[in-house]
Amino acid sequence: MTKALDGVRILDFTHVQSGPTCTQLLAWLGADVIKVERPGVGDITRGQLRDVPNADSLYFTMLNSNKRSITIDSKNRTGKEVLESLIKTCDVLVENFAPGALDRMGLTWAHIQSINPRMVLASIKGFGPGKYEDCKVYENVAQCAGGSASTTGFRDGLPLVTGAQIGDSGTGLHLALGIVAALLQREKTGRGQKVTVAMQDGVLNLCRVKLRDQQRLAHGPLQEYSQFGEGIAFGDAVPRAGNDSGGGQPGRILKCKGWETDPNAYIYFITQAPVWEAICEVIGEPGWKTDPGYAKPAARLPKLNQIFARIEAWTMTKTKFEAMDILNEFDIPCGPILSMREIAEEQSLRDTGTVVEVDHPKRGPYLTVGNPIKMSDSPTEVTRSPLLGEHTDQVLRDVLGFDDRRVDEIKASGALGEFVPPRPREVSLGGDVVAVE
């Protein structure tokens, strides 16, 4: 069966997380992703947070599925020639180098266009144009600069970064969409273009509800926030609101049976207005259905702490899964707080390919995430990450069409790393052993 991006070839200059997230998604969708790495070193994450000696780390393997790896020394003259040959034959070049790095390699946008006018150049940077554009940015810096940290946490505590990698992986997903759009537009124009996503911009896009609330503050307090019911005045910026729901329906994380010893014995519970009467019945407060102080959403807002305390008294008598089963019968929105162990063991996620077990020649079987995008005519088969330089010969011969002589010249130049001449073969002739080149 064909894949959605069959025939699209990606030249992957990315490293660490933001860029590899983008190119991995494109590979899952069927693109041929050729990851360019430094000889003998490779992507720095191959050796970071390593849990199995002399094997690529999970940090690397879980971000580089379905790719091919080629090692090239970009400072070597012949290495540059190989890179330019790849630019001629690829559709997209993806990079997340520090600002100006690609230009210093001699790969300016003008030069890339002169080699391949149809090339899409896709880049991730920390900040967009402005006073911070030359600053180096990592995941948590992006979360802080994009509005996530200032609005995450509790009102009386420090700003917090999230467990979800919205700065790196979130930006990579945004870039992947931009690349696909640029390829579609190229079908109409015949031209490539530059596609850039700044990590700050990507985080802010995911924090849009907080920018919404910032503007609402000018017209009065945010009544769905806990501090409104507590009589605490709002300042001039959106406060941290703990686990309050970010939508129009109040929600909280509540304790369940076993919370004293299980750090994840909790459930998220939303008091959605259409099912309020069902909530009252379930928790044993039928009088709240008609009580003027509770019957309408506006009347409940000042009492959210009291209401959720009463709901929690009920959830604490049930495990998170028991509570979920009961609440789902009444269409009450809720969800258990699942630990990573529970997610790794959840059979339904294995069945849908959201969690996949992959075998690796050096580290053995490992779990990785699968493609969250399910397409009926483009199913994803997750394959392991490549070993460093595993496909160098394959790419030189099959993609670039180089013959044996040219490949040997490239190797001898040091473009692929330190050149080790092949050992002469020894053969026996009438009892004498001689070396044959």
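Residues numbered from 1 in each chain as written. Predicted model: local features only at pLDDT ≥ 70, side-chain atom pairs only at ≥ 80, totals over all residues. Heavy atoms only, no water.

### Regarding the overall build of the protein
Each helix and strand counted, the protein has 18 helices and 13 strands in total. Reported as C-alpha extents along the three principal axes, the dimensions of the protein are approximately 105 × 55 × 40 Å. In the protein, buried positions account for 43% of the 437 residues. Intrachain contacts of the protein at a sequence separation of at least 6 include 64% that bridge at least 24 residues. (Helix = DSSP H or I, 4+ residues; strand = E, 2+ residues; numbered from the N terminus. Buried < 20%, exposed > 50% of the residue type's maximum accessible area, 1.4 Å probe, protein only. Contact = heavy atoms within 4.5 Å.)

### Concerning the sheet that holds strand S8 (residues 266–270)
With antiparallel pairing, the three strands of this open sheet are ordered in space as S7-S8-S9. Every interior strand has two partners, whereas the edge strands, strand S7 (251–255) and strand S9 (334–336), have only one. Recorded for the sheet is a direction-independent mean angle of 20° between the axes of neighbouring strands. Pairing analysis gives three bridges linking S8 to S9, with the strands arranged antiparallel. What sits directly across from Ile267, in S9, is Pro336. Where helix H13 (residues 304–315) meets the sheet, its contacts fall on S7 and S8, and the angle it forms with S7 comes to roughly 40°. (Pairing = 2+ DSSP bridges. Axes fitted to C-alpha atoms, helices over the stretch in contact; angles between N-to-C directions.)

### Concerning the packing of aromatic side chains
Scanning the model with the defined rule gives five aromatic pairs in all. Ring centres of Phe127 and Tyr132 lie 5.4 Å apart, and the angle between their planes is 45°; this geometry places the pair in the tilted category. Taking the relative accessible area as the measure of exposure, Phe127 reaches 12% and is therefore buried. Plain terms: the ring middles of Trp288 and Tyr294 are 4.4 Å apart, the flat faces sit at 5° to each other, and that makes the pair stacked. We note that Trp288, like Tyr294, is buried. Three or more aromatic residues joined by ring pairs make a cluster, and in this case those are Trp276, Trp288 and Tyr294. A cation over a ring is seen here: Lys255 above Trp259, with NZ or CZ 3.8 Å from the ring centre. Positioned above the aromatic ring of Trp276, the side-chain terminus of Arg300 is 4.0 Å from the ring centre. (Phe/Tyr/Trp six-rings, centres within 6.5 Å; stacked < 30°, edge-to-face > 60°. Lys NZ or Arg CZ within 6 Å of the ring centre and 35° of its normal.)

### Considering the sheet that holds strand S2 (residues 32–37)
Across the sheet, six strands lie side by side as S3-S2-S1-S4-S5-S6; this open sheet has parallel pairing. Strands with a single pairing partner mark the edges of an open sheet, and in this sheet they are strand S3 (67–71) and strand S6 (194–198). On average, each strand axis in the sheet is inclined to that of its neighbour by 20°, with strand direction left out of account. As judged from the five bridges shared by strand S5 (residues 120–125) and S6, these two strands associate in the parallel manner.

### Quick look at the pattern of salt bridges
On inspection of all chains with the given rule, the structure shows 26 salt bridges. A salt bridge links Asp213 to Arg216; its shortest N-O distance comes to 2.8 Å. Here Arg216 and Asp213 lie together in helix H9 (residues 208–216), a separation of three residues that amounts to about one turn. By relative accessible area, Asp213 is classed as buried at 1%. The exposure class of Arg216 is partly exposed, given its relative accessible area of 31%. (Salt bridge = Lys/Arg side-chain N within 4 Å of Asp/Glu carboxyl O.)

### Considerations on unusual backbone geometry
Peptide bonds are, in most cases, trans, and in most cases residues other than glycine have a negative phi. If you check the backbone angles, Asn54 has positive phi at about 60° while not being a glycine. Turning to its location among the elements, Asn54 is positioned in the loop between S2 and helix H2 (58–61). Not every positive phi belongs to a glycine, and Asn66 is a case in point at roughly 65°.

### Things to note about the packing of helix H11 (residues 276–283) against H13
H13 packs onto H11 with a crossing angle of 50° between their chain directions and a minimal axis gap of 9 Å. Between H11 and H13, the angle is such that the two are oblique. In the crossing of H11 with H13, the sense of the turn from one axis to the other is left-handed. Contacts between H11 and H13 pair Trp276, Ile279, Val282 and Ile283 from the former with Ile307, Arg310, Ile311 and Trp314 from the latter. Grouping the amino acids of the contact of H11 with H13 by side-chain chemistry returns seven nonpolar, no polar and one charged. (Parallel < 35°, antiparallel > 145°, perpendicular 65-115°, else oblique. Left-handed = near helix turned anticlockwise from the far one by under 90°. Nonpolar A, V, L, I, M, F, W, Y, C, P; charged D, E, K, R; others polar.)

### Digging into the confidence of the model for the protein
For the protein, the mean per-residue pLDDT works out to 95, and 96% of the residues sit at or above 70. Counted against residues more than four places away or in other chains, residues 433–437, with its pLDDT under 50, gives 14 contacts. (pLDDT = per-residue confidence, 0-100.)

### Examining the packing of helix H17 (residues 392–399) against helix H18 (residues 404–412)
For the pair H17 and H18, the least separation of the axes is 10 Å and the interaxial angle reads 135°. It follows from the interaxial angle that H17 and H18 lie oblique. As for how H17 packs across H18, the hand of that crossing is right-handed. Between H17, through Asp393, Leu396 and Arg397, and H18, the contact on the second element is made entirely by Asp404, Val407, Ile410 and Lys411. Tallied by class, the residues present in the contact of H17 with H18 amount to three nonpolar, no polar and four charged.

### Description of the nonpolar core
Of all hydrophobic cores here, the largest spans 34 residues; its most connected members are Ile10, Leu26, Val92, Val94, Leu175 and Ile179. For this core, the secondary structure elements donating two or more residues are helix H1 (18–28), strand S4 (92–95), S5, helix H7 (168–189), S6, helix H8 (199–206) and strand S10 (355–358). By size, the runner-up hydrophobic cluster in this structure holds 28 residues, among which are Ile87, Leu400, Phe402 and Ala415. (Core = buried A, V, L, I, M, F, W, Y, C linked by side-chain atoms within 4.5 Å.)

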